[in-house]
Amino acid sequence: MIKRLTSTHIPAPLGSYAAATQIGSVLFTSGQLPLSPESKAVPEGIIAQTKQVMTNLNHVLVDNGTSFDHVAKTTVYINDLKLLASFDQVYRTYFHDGYPARTAVLVSELPAQALLEVDMVAEVPED
Ligand SMILES: C=C(N)C(=O)O
């Protein structure tokens, strides 16, 4: 059975998707954009946008029984590969027990004119 998950701490989806889905103990987040939940604004610059994306993803994970410690795979969609090093400096600070597998994909454009979008696959540990 597929569970469709949400979080009250992130912006509402911009389209026809759940914040995350879960099959068994595996949770798949949708791509999170750097939208502030309060203002729906996108902050300026790759550092602030990465922090907002990771904050939103943390809410999706924690509100649904998991955390960054249980992330197996991430995909980052970024619109300029020159930003990848700055993204990585921020991204790495969220992982304390080794890094997940990751794929970086260069894209020409993202919703809300964001610089990046990130999705994750995580294990939901048993209680
Ligand atoms: C923002 C998205 N995750 C989407 O449009 O699919």
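All of these numbers come straight from a predicted model, not from anything done at the bench. (Residues numbered from 1 in each chain as written. Predicted model: local features only at pLDDT ≥ 70, side-chain atom pairs only at ≥ 80, totals over all residues. Heavy atoms only, no water.)

Chemist: Would you mind going over the overall build of the chain with me for this structure?
Modeler: A tally of regular secondary structure across the chain gives 2 helices and 6 strands. In sequence order, the secondary structure elements of the chain are arranged as β-β-β-α-β-α-β-β. Here the chain has a C-alpha radius of gyration of 14 Å; the compact-globule value for 127 residues is 14 Å, and the two agree. Across its three principal axes, the chain shows a C-alpha extent of roughly 40 × 30 × 20 Å. Per-residue burial over the chain gives 41% buried out of 127 residues. For the chain, the computed accessible surface area is about 7000 Å², with 52% contributed by carbon and sulfur atoms. Of the side chains in the chain, 8 bear a positive and 13 a negative charge, and the two mean positions are spaced by 4 Å. (Helix = DSSP H or I, 4+ residues; strand = E, 2+ residues; numbered from the N terminus. Rg over C-alpha atoms; globule rule 2.2 N^0.38 Å. Buried < 20%, exposed > 50% of the residue type's maximum accessible area, 1.4 Å probe, protein only. Areas by Shrake-Rupley, 256 points an atom, 1.4 Å probe, with all protein chains shown as cover. Lys, Arg positive; Asp, Glu negative; His and termini not counted. Charge placed at Lys NZ, Arg CZ, Asp CG, Glu CD.)

Chemist: Can you help me understand helix H1 (residues 46-62) in this one?
Modeler: Since the α-helix advances by 3.6 residues per turn, residues separated by three or four positions end up pointing in the same direction. Taking 1.5 Å of rise per residue, 17 residues should cover 24 Å, and H1 covers 24 Å from first to last C-alpha, within 8% of that figure. All of the buried residues along H1 are Ile46, Gln49, Thr50, Gln52, Val53, Met54, Asn56, Leu57, Val60 and Leu61. Packing partners of the buried residues in H1 comprise strand S2 (20-23), strand S3 (26-29), strand S4 (71-78), helix H2 (84-91) and strand S6 (116-123). (Expected span 1.5 Å × (residues − 1). Contact = heavy atoms within 4.5 Å.)

Chemist: Explain the pairing of S2 here, please?
Modeler: Successive side chains on a regular strand alternate, one facing one side of the sheet and the next facing the other. What you see with S2 is a clean split: Ala20 and Gln22 sit on the buried side and Thr21 and Ile23 on the side with no burial. Two strands pair when backbone bridges link them, and S2 and S3 are joined in this way by 4 bridges, in the antiparallel orientation. Its bridge partner lying in S3, Ala20 is registered against Thr29. With antiparallel pairing between neighbouring strands as the criterion, S2 and S3 make up a hairpin whose turn holds 2 residues, including Gly24 at a positive phi of roughly 60°. (Pairing = 2+ DSSP bridges.)

Chemist: Even after reading the chapter, I still don't get the environment of Gln49, so can you show me in this structure?
Modeler: Tracing the backbone shows Gln49 in helix H1. Note on Gln49: relative accessible area 4%, which makes it buried. Separated by 29 residues in sequence, Gln49 and Ile78 place their C-alpha atoms 11 Å apart. Polar contacts involving the side chain of Gln49 include one to the main-chain carbonyl oxygen of Pro43, which spans 2.9 Å. (Polar contact = N/O pair within 3.5 Å; in protein donor to acceptor, adjacent residues only side chain to side chain.)

Chemist: Would you mind going over the site of the ligand with me for this structure?
Modeler: The ligand sits among Tyr17, Gly31, Leu33 and Glu117. Take Gly31: an N or O atom from its main chain is 3.2 Å from a nitrogen atom of the ligand. Between the ligand and Glu117 there is a distance of 3.0 Å, counted from a nitrogen atom to a side-chain nitrogen or oxygen. In the complex, the protein chains occlude 69% of the 210 Å² of accessible area that the ligand would expose alone. (Near = heavy atom within 4 Å.)

Chemist: I keep staring at the side chain of Ser7 and nothing clicks. Help me out?
Modeler: Position of Ser7 relative to the elements: it lies in the loop between strand S1 (2-5) and S2. Polar side-chain contacts of Ser7 include one of 3.1 Å to the backbone nitrogen of His9. Within polar-contact distance, the side chain of Ser7 engages the side chain of Asp63 at 2.6 Å. Setting aside its immediate chain neighbours within four residues, Ser7 contacts Ala19, His59, Val60 and Asp63.

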